[in-house]
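Architecture at a glance
So you can see what is in the structure, the chains are spelled out below.
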Amino acid sequence: MALTGKEVEHVAMLARLKLSEEDQKKFGEQLSAILDYMKRLNDLDTEKVEPLAHVLPLHNVFRSDEARQEFSREEMLANAPLEESGLFKVPKIM
Amino acid sequence: MELCQLTAHELKDKLVQKEITATDILDSCLQRVAQVETQVKAFVTLTEESARETARAVDEKGDYRGLAGITCALKDNLCTKGIRTTCSSRMLENFVPPYDATVVRKMKDEQAVILGKLNMDEFAMGSSTENSAFFPTSNPWDLERVPGGSSGGSAAAVAADEVIYALGSDTGGSIRQPAAFCGVVGMKPTYGRVSRYGLVAFASSLDQIGSLTKDVTDCALVLNLISGYDKMDSTSVNAEVPDYTRFLVPDIKGFKIGVPREYFQAGVDERVKEVIKQALLKMEDLGAMVEETSLPHTEYALPAYYIIAPAEASSNLARFDGVRYGLRDTEAENIIEMFASTRARGFGPEVKRRIMLGTYALSSGYYDAYYLKALKVRRLVKEDFDRAFARYDVLAVPTTPTVAFKIHEKSDNVLSMYMSDIATIPINLAGVPALSIPGGFVDGLPVGLQLIGKPFAEGTILRVAYTFEQNTDYVGRKPKLGVN
């Protein structure tokens, strides 16, 4: 199945990826080819198969709800592209 | 032989006997780096100074327990406190983690001499290390060829004797495939055996940290060091860790080895098949019972993987948004545009492709058809292994369908690149352990024999691999690199 330009644009929006027109075209073609290849999964009847998200028989892993201070504010901000008054600074939201 | 050419256990013996010092080993490795690194290009970051300090400290103390004093290096997706951790991506080019990954902390506690951070496919997505945003790495056996990936820097550095061993990560073959291409021993432990805390996440239900070493004994030593439960990783398993060196017994009489025929079908190079067949005959000679079997859902593992892994990646990589760390496009006027343009600049084409693919598979209207379907197929793939392991101690297959391919040979053909992991991917979906060991050569290039075990039966794999190693002369062969 071929992805339309509009679909590619929509997925890019969901993924928060700005794509050039050239990228959009290229990804459209490549993703269509990959999705075509995925179709072979439909050869298998999986109606009665339970999905397997994870190989370990783990469910909820609990720990006690205790606060820990492992990093200082300075350490947490050290890699910030932009900071101000000990906070991460971002462009305007609204 | 120079010291850098020896194995960790050989060097350890010399350290204990006081024949050499940790500094001697480091010097030998540094000399080798100076000699070959411009050709191999395995390192993203060299940490000579801190390595020297550690070596000196070990020598002063004179306590050479475990892997103390042995020079090694880390794939650059393992967080190292104070040393940049790039994932070979523009996104993290200047990222300096405030903490060590658990495996790194264990290595530091052991006083391992860490010489630096190794090149990889960006965010571990790729099979050739050509997806590094910085530079490609070359295969020490033939500089025109890829070292494999995504842990290509790790495999190449070990094969080129720049370090004695390295750590890598394996999501769909990223340790075993480069180990096969570079003629070293690569182990992907059972999912949950090694803590993933501090490993930059790609696909969390598949990722596992493991080793690239020069022989099977070193593999056991590194596994001893990195294994074990960690409260910082809720998916690490709280099970006893045996001393893996106890499994280094050169005897496989009566072992049952299954050979699934699906791994020898179309697409596998005839010469690779022949090498593996000879290796299996050797196992039979050594007293193992070798029998053909079937894992019928094998062909569906690859398409299922390329839905599941990108889906998890698209979620994991959402954190790279230019706010808290990493690159930011500072020209964007509002926050949504900042997210989108930062990610456009920071990620390379393969990472974008997988984020797009994963986002699509998880998006409304397609979730059932792709993601849920893939999870169901994952169960079928895992059940194939469960059934096989009711009969066999280990399974033996080729690690890769071909020997190392040429640089640029597959970089324009996405699906063809994905296919190079066809024999390693099912193992990650099932979460079982597997090791690649040099099983022979084709035209002077190494071929990997892959041994797959039951969950937490790394010891059994090591025993079979060790027996094979001791009865053949493929492990320890060196590329001619740097010998002029």
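Just so it is clear, the structure is predicted and the values come from calculations on it, not from any experiment.

Procedures and definitions
Residue indices begin from 1 for each chain and proceed along its sequence in written order. Note on labels: chains are lettered from A, ligands numbered from 1, in written order. Local features are withheld for residues below a pLDDT of 70 in this predicted model, meaning they are given only at 70 or higher, and side-chain atom pairs are given and counted only at 80 or more; totals for whole chains, interfaces and linings count all residues. Side-chain figures throughout are based on the complete set of non-hydrogen atoms in the structure, without hydrogens or water. Only DSSP runs of H or I with at least four residues qualify as helices, and only runs of E with at least two residues qualify as strands; both kinds are numbered from the N terminus onward. The quantity called the radius of gyration is restricted to C-alpha atoms. Its globule counterpart is 2.2 Å times the number of residues to the power 0.38. Areas reported here follow the Shrake-Rupley algorithm with a probe of radius 1.4 Å; residue values treat only the protein chains shown as occluding. Charge assignment in this entry is limited to Lys and Arg as positive and Asp and Glu as negative, and neither His nor the chain termini are counted. Where a charge lies is defined by one atom per residue type, namely NZ (Lys), CZ (Arg), CG (Asp) and CD (Glu). Should any heavy atoms of two residues lie within 4.5 Å, those residues are considered in contact. The term buried area refers to how much accessible surface (probe radius 1.4 Å) is lost by two components on association, counted for both of them together. We define a polar contact as two N or O atoms separated by no more than 3.5 Å, with the added condition that, inside protein, one atom must be a possible hydrogen donor and the other a possible acceptor, whereas residues neighbouring each other in sequence contribute only through side-chain atom pairs. Each residue is assigned to one of three groups, with Ala, Val, Leu, Ile, Met, Phe, Trp, Tyr, Cys and Pro labelled nonpolar, Asp, Glu, Lys and Arg labelled charged, and all others, Gly among them, labelled polar. The buried label applies to any residue whose accessible area, calculated with a 1.4 Å probe on protein chains only, is under 20% of its type's maximum; exposed applies above 50%, and partly exposed to all values in between. Definition used for salt bridges: Asp or Glu carboxyl oxygen within 4 Å of a side-chain nitrogen of Lys or Arg.

Here we come to the overall build of chain A. Helix and strand counts for chain A stand at 3 helices and 2 strands. When the helices and strands of chain A are read in sequence order from the N terminus, they spell out α-α-α-β-β. For 94 residues, the compact-globule estimate of 2.2 N^0.38 gives 12 Å, and chain A exceeds it by more than 25% at 22 Å. For chain A, the spread of C-alpha atoms along the three principal axes comes to 55 × 45 × 25 Å. For chain A, the accessible surface area stands at approximately 7000 Å², while carbon and sulfur atoms represent 52% of it. Here chain A holds 13 positive side-chain charges and 18 negative ones, and the gap between their average locations is 4 Å.

So, about the interface of chain A and chain B. Taken residue by residue, the interface counts 53 residues in chain A and 69 residues in chain B. Taken together, both faces of the contact between chain A and chain B bury some 5400 Å²; the carbon and sulfur share is 71%. Joining chain A to chain B, the criterion identifies 18 residue pairs in polar contact (both at pLDDT 80 or more). Partitioning the side of chain A that touches chain B into residue classes produces 35 nonpolar, 5 polar and 13 charged.

A word on the side chain of Ser314 of chain B. Counting through the fold element by element, Ser314 of chain B comes out in helix H9 (residues 298–316). Look at Ser314 of chain B and you get buried, because its relative accessible area is 11%.

Using the criterion set out here, one finds 32 salt bridges over all chains in the structure. Salt-bridge contacts for Lys39 of chain A lead to Asp36 of chain A; the nearest nitrogen and oxygen are separated by 3.2 Å. The residue Asp329 of chain B makes a salt bridge to Arg345 of chain B at a minimum N-O spacing of 3.7 Å. With Asp329 of chain B in the loop between H9 and helix H10 (335–346) and Arg345 of chain B in helix H10, this pair connects stretches of sequence that are 16 residues apart. When its relative accessible area of 6% is taken as the criterion, Asp329 of chain B is described as buried. Several salt bridges converge on common partners, so that one network encompasses Asp27, Glu48 and Arg52 of chain B.

Here we take up unusual backbone geometry. At the junction of Gly149 of chain B and Ser150 of chain B, the peptide bond is cis and its omega measures out at 10° in the coordinates. Note that Ser150 of chain B resides in the loop between strand E3 (113–118) and helix H5 (152–159). If you check the backbone angles, Ser85 of chain A has positive phi at about 50° while not being a glycine. Residue placement: Ser85 of chain A occurs in the loop between strand E1 (83–84) and strand E2 (87–88). Looking at Ser85 of chain A, the relative accessible area reads 66%, which means it is exposed. The residue His408 of chain B is not glycine, and still its phi comes out positive at about 75°. Following the sequence through the fold, His408 of chain B ends up in the loop between strand E9 (394–398) and helix H13 (414–419). When its relative accessible area of 62% is taken as the criterion, His408 of chain B is described as exposed.

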